[in-house]
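Here are the chains, one letter per residue:
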Amino acid sequence: MIDDHAHPFNLAGGPLDPAALSLDIGTEPGAEDRRRSLGPGRLFQELLTVRLAEYLGCEPAEVPQARARASAEWEPYVGGLFRNAAITGIVMDPAWPPGAAENLERYAELAGCLVHPILRLEPIVDRLIDEGAGVAEIVDAVGRAMGEAASRGWVGFKTILAYRTGLAVNPDVTRQEAETSLRSDVPVRRRGKACRDLVLREALAMAADIGLPFQIHTGMGDSEIRLGESNPLQLEELLHSPAGAAGRIVLIHGSYPWTDELAYLAAARPNVWADLSLCNIFSPLTTANRLLRLVDLAPTSRILLATDGSQEPELFWFAAVVLRDAWEQARSTLAAAGARASWLDEVEVAIFEGNARTLYGL
Ligand SMILES: [Zn+2]
């Protein structure tokens, strides 16, 4: 499969700490103890542990140490996981951790497949807002970076506006409103809603001119997000505007929990793609149901599958394995409903690989 949305992973092995792989990323005193005590009671950790034990040939209780031994030779270990998961390409947002974009070749070597980077806008926007820049300067800097990324062969763009001022973007925002929004004392990540709306409008128009797709974070994310501000329906005004209708937009993470809303947007809007990722890690058992609901309504040429893997390569592996299982379940339901095997074969190739190849020009 082409993993159409993922992040960098660790460049060295060691013992695996599944409790640290959490949507709860709090750093206050006691946060680590909380994750450690809640971890074993999460279905994600249970299934990851059991499946990894099977893969490593050990008992579930032995996974952390067996993994430490197996990962002493990091490159073959990581390559084995990606091969086993049948991941043949990664569309990667390398904005985190800092400096990761310098290591793109290393990620490709380790994973044993091509890595296609995309550019996230917020590191540029946040830095300039923090430095007191004006709207024109921010729009220029973002435009320049997008042009440079495209000329380096990067395959798309991405915004995590849901983590900042939310997805209720006003497509008619004025320069004056944008400037005014920057004059505020709230923390940078919550500052400048009108400016951020304007930057996204301009960036979408530019992506359409360049001809590269644009990923928009929707739905669940780590504990920094206001989930209520990440409902994809909040994007409707933008999607009905000239800039929002111009280019190809990918709404990522299955918009969890708004899967039906996502399916509707992919079905009704001329330029929206639906990516199912992240929730396959943290809500693995509902993945088959979500995939079925996407296939039930959205054109299957608009559906993309991904891992949203980060940190540990096992997350990519686990998310991909969950997707395979989910598709097998969805497939048998679709076959029982009367869909022909030839149609299902075509859909399978499209959602796991073909659609991403076409969309990102891979
Ligand atoms: Zn992500």
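So, here's what we can say about the structure. (Residues numbered from 1 in each chain as written. Predicted model: local features only at pLDDT ≥ 70, side-chain atom pairs only at ≥ 80, totals over all residues. Heavy atoms only, no water.)

Attention now moves to the nonpolar core. If you look at the biggest cluster of nonpolar residues, it comprises 107 residues, and the most contacted ones within it are Ile138 and Phe214. By residue number, the principal contributor to this core is helix α15 (residues 313-336), which donates 13 residues. When neighbours within four sequence positions are excluded, Ile138 is seen to be in contact with Val125, Leu128, Ile129, Ala133, Leu182, Cys195 and Val199. Counting residues in each nonpolar core, the second largest holds 11 residues, with Val155, Ile252, Ala356 and Tyr360 among its members. (Core = buried A, V, L, I, M, F, W, Y, C linked by side-chain atoms within 4.5 Å. Buried < 20%, exposed > 50% of the residue type's maximum accessible area, 1.4 Å probe, protein only. Helix = DSSP H or I, 4+ residues; strand = E, 2+ residues; numbered from the N terminus. Contact = heavy atoms within 4.5 Å.)

With that out of the way, let us pick up the coordination of the zinc ion. Surrounding the zinc ion are the protein donor atoms His5 (NE2), His7 (NE2) and Asp308 (OD), at 2.1 to 2.2 Å. Linear spacing of the donor residues for the zinc ion on their chain is H-x1-H-x300-D. The pair formed by His5 and His7 is uniform in burial state, with each residue classed as buried. (Donors = N, O, S within 2.8 Å, 3.2 Å for Na, K, Ca; no water.)

Let us look at unusual backbone geometry. With omega at -5 degrees, the peptide bond leading from Trp96 into Pro97 counts as cis. Locating Pro97 in the fold gives a position in the loop between β2 (89-92) and α5 (104-111). Across the junction of Tyr256 and Pro257, the peptide omega takes the value 5 degrees, indicating a cis bond. As for its position among the elements, Pro257 is in the loop between β6 (249-252) and α12 (259-268). Phi is positive for His253, close to 70 degrees, though the residue is something other than glycine. Within the fold, His253 resides in the loop between β6 and α12. Overall, His253 belongs to the buried group, its relative accessible area being 2%. Of note, the phi angle at Ser255 is positive, near 50 degrees, even though the residue is not glycine. Relative to the elements of secondary structure, Ser255 occurs in the loop between β6 and α12.

Here we take up the pattern of salt bridges. If the charged atoms of two oppositely charged side chains come close together, the side chains can form a pair. The final tally for this structure, using the stated rule, is 23 salt bridges. Between Glu32 and Arg36 there is a salt bridge; the shortest N-O distance is 3.7 Å. Of this pair, Glu32 and Arg36 are both found in helix α1 (residues 31-38), 4 residues apart, which corresponds to roughly one turn of the helix. A residue is classified by how much of its surface remains accessible, and Glu32, at 53% relative accessible area, is exposed. The partner of Asp93 in a salt bridge is Lys158, with the nearest N and O atoms 2.7 Å apart. Of this pair, Asp93 sits in the loop between β2 and α5 while Lys158 sits in strand β4 (residues 156-159), placing them 65 residues apart in sequence. (Salt bridge = Lys/Arg side-chain N within 4 Å of Asp/Glu carboxyl O.)

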